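Per-entry structural report
Chain residues, written in single-letter form:
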Amino acid sequence: MACTNCSTGAKDGTPRGCKNNGTCGTDSCNKLTVFDWLGNMNLPNGESPFDCVEIRFKNGRKEFYRNTEKLTLSIGDIVATEASPGHDVGIVTLTGELVRIQMKKKGVSLTSPEILKVYRKASQKDIDIWSEARDKEEPMKVKAREIAIALKLQMKISDIEFQGDGSKAIFYYTAEDRVDFRQLIKEFAQVFKTRIEMKQVGFRQEAARLGGIGSCGRELCCSTWLTDFRSVNTSAARYQQLSLNPQKLAGQCGKLKCCLNYELDTYLDALKDFPDFETKLYTEKGDAICQKQDIFKGLMWFAYTDNFANWHVLKIDQVKEIVAQNKEKKRVSSLEDFAIEIVVEQEANFNNAMGQESLTRFDQPKKSKNKNKNKNKTTAPNTAQEQNQNKKPNQGNSNPNQQNRRPIIIKKNEDKK
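Residues numbered from 1 in each chain as written. Predicted model: local features only at pLDDT ≥ 70, side-chain atom pairs only at ≥ 80, totals over all residues. Heavy atoms only, no water.

On to the overall build of the chain. When helices and strands are tallied, the chain shows 11 helices and 12 strands. Relative to its full complement of 417 residues, the chain shows a buried share of 32%. When contacts within the chain are restricted to residue pairs at least 6 apart in sequence, long-range pairs at least 24 apart make up 58% of them. With the model as given, the accessible surface of the chain reaches about 30,300 Å², and the carbon-plus-sulfur share is 49%. (Helix = DSSP H or I, 4+ residues; strand = E, 2+ residues; numbered from the N terminus. Buried < 20%, exposed > 50% of the residue type's maximum accessible area, 1.4 Å probe, protein only. Contact = heavy atoms within 4.5 Å. Areas by Shrake-Rupley, 256 points an atom, 1.4 Å probe, with all protein chains shown as cover.)

Okay, here's the thing in structure tokens:
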């Protein structure tokens, strides 16, 4: 749900943009946004609103804070919150009873004394200091990576987040093994002149913070709505009959894609009706082994052990029937008696009904149209000097206009006999 400021209002179709840079009042431009479906409902009489709010910081980092001052907060408000030391600045993303549900989901106790509090709504001075601190993050990240490379540390500094008052900078990094960054912190404190905090994150959390576009063409799930990172195994790809190609199954974080788990339960439910893939069918013609399954159509392909080139298509019920007879130590005559024929659908041939040109015209090399255009054409002289140079000398003719005339042949009449 985007706000009206993000719609296309110009004549050329370009989006106008709200120019709020993530502080949109509808909260639709933020990462991991939550729609407040209780926002238009009033509380019963005598009920006080829930005193905790959810506040988002840079790149989807969210924390719960207690509204001890009973401020009137709404989604999109910029507030100053408690931090150690100093204060931080964030954006309110959720208020009301949904915060209670989110806290239960995250396992945060409602009466925990560790919940920090909201100081006030951010003033213009707080916002200016916060903006100046965020402008320092990108050049500082480049310098920090150079220092880490100079110290030959096996780590990658992925992001830097300044505290709202600019008194502390959090360095997020990823590493395969444990890193001794004591010397690194000394170098950072000497160069950047601020309080340094190092925080290690996983590769999935790094991709969630940085964001990007996935192979599906949409934004990464981890940076838009996904909050819990469940483990993904290669068995999820096997159950869905996907090719075990690391380049296709791995996401931008280098791990297996989280979307492999989305349809896994549906595939597991469908496979309950299928016989085991290792099932063997015993016939009088020979033994047959399963080669392929089609989960959506409920089909299985079998081939004889002495002829793997020819596959026979059977339905699940037919396979179960053969297996039941094999358990009674009976052999069926052959698979051909149970095999079905699959009708191959003809490919749709789309004709050019509108008279438009084919899109494949861009694949063909262009032919130069002006290659022989000027071969047989003579250009007219522009200046008087060019006219004199192009003139041919007259051969005995004083009139130059007679130069290109054809000769006239006059025939004399013969004398009559």
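Before going further, it helps to spend a moment on the sheet that holds strand S12 (residues 307-315). As summarised here, the arrangement of the four strands in space is S9-S10-S11-S12, forming an open sheet in which the pairing is antiparallel. Each edge of the open sheet is held by one strand with a lone partner, namely strand S9 (280-282) and S12. Across the sheet, the axes of successive neighbouring strands diverge by a mean angle of 35 degrees, strand direction being ignored. Contacting S9, strand S11 (299-304) and S12, helix H10 (residues 316-327) runs over the sheet at an angle of about 105 degrees to S12. (Pairing = 2+ DSSP bridges. Axes fitted to C-alpha atoms, helices over the stretch in contact; angles between N-to-C directions.)

This brings us to the pairing of strand S3 (residues 78-82). Of all five residues making up S3, four are buried, and the element is well covered by its neighbours. Bridge analysis of S3 against strand S4 (residues 87-94) gives five bridges, and the strand direction is antiparallel. The residue of S4 that forms the bridge with alanine 80 is valine 89. Looking at chain direction, S3 and strand S5 (residues 116-121) are connected through three bridges and run antiparallel. Across the sheet, valine 79 pairs through a bridge with lysine 121, a residue of S5.

The next point concerns the packing of helix H3 (residues 137-150) against helix H4 (residues 182-192). Here H3 crosses H4 at 140 degrees, and the two axes come no closer than 11 Å. When the axis of H3 is compared with that of H4, the two are oblique. Taken as a pair, H3 and H4 cross one another with a handedness that is right-handed. Each of Met140, Lys143, Ala144, Ile147 and Ala148 in H3 lies in contact with H4, whose residues at this interface are Leu184, Glu187, Phe188, Val191 and Phe192. In the contact of H3 with H4, the residues fall into eight nonpolar, no polar and two charged. (Parallel < 35°, antiparallel > 145°, perpendicular 65-115°, else oblique. Left-handed = near helix turned anticlockwise from the far one by under 90°. Nonpolar A, V, L, I, M, F, W, Y, C, P; charged D, E, K, R; others polar.)

Below, the discussion takes up the sheet that holds strand S2 (residues 62-66). The pairing of strands in a sheet happens through backbone hydrogen bonds and is either parallel or antiparallel. One closed barrel holds the five strands; their spatial order is S1-S2-S5-S3-S4, and the pairing between them is mixed. Strand-to-strand twist of the sheet, defined as the mean angle between neighbouring strand axes without regard to direction, takes the value 55 degrees. Of the strand pairs in this sheet, strand S1 (residues 52-56) and S2 are connected by five bridges, and their pairing is antiparallel. Along S2, the bridge assignment pairs glutamate 54 with phenylalanine 64. Where helix H1 (residues 97-106) meets the sheet, its contacts fall on S1, S2 and S4, and the angle it forms with S1 comes to roughly 70 degrees. Lying over the sheet, helix H2 (residues 124-135) contacts S3, S4 and S5, oriented at roughly 100 degrees with respect to S4.

To continue, consider the side chain of glutamate 137. Checked against the element boundaries, glutamate 137 lands in helix H3. Of the polar contacts made by the side chain of glutamate 137, one reaches the backbone nitrogen of phenylalanine 162; its length is 3.0 Å. Not counting chain neighbours up to four residues away, the residues in contact with glutamate 137 comprise Lys58, Ile160, Glu161 and Phe162. (Polar contact = N/O pair within 3.5 Å; in protein donor to acceptor, adjacent residues only side chain to side chain.)

Mapped onto the fold, leucine 244 is located in the loop between helix H7 (234-239) and helix H8 (246-249). In this structure leucine 244 comes out as partly exposed when scored by relative accessible area, which is 47%. Taking the C-alpha atoms as reference points, leucine 244 and threonine 234, separated by 10 residues in sequence, lie 7.7 Å from one another. Ignoring any residue separated from it by four or fewer positions in sequence, one finds leucine 244 in contact with Thr234, Ala237, Arg238 and Leu249.

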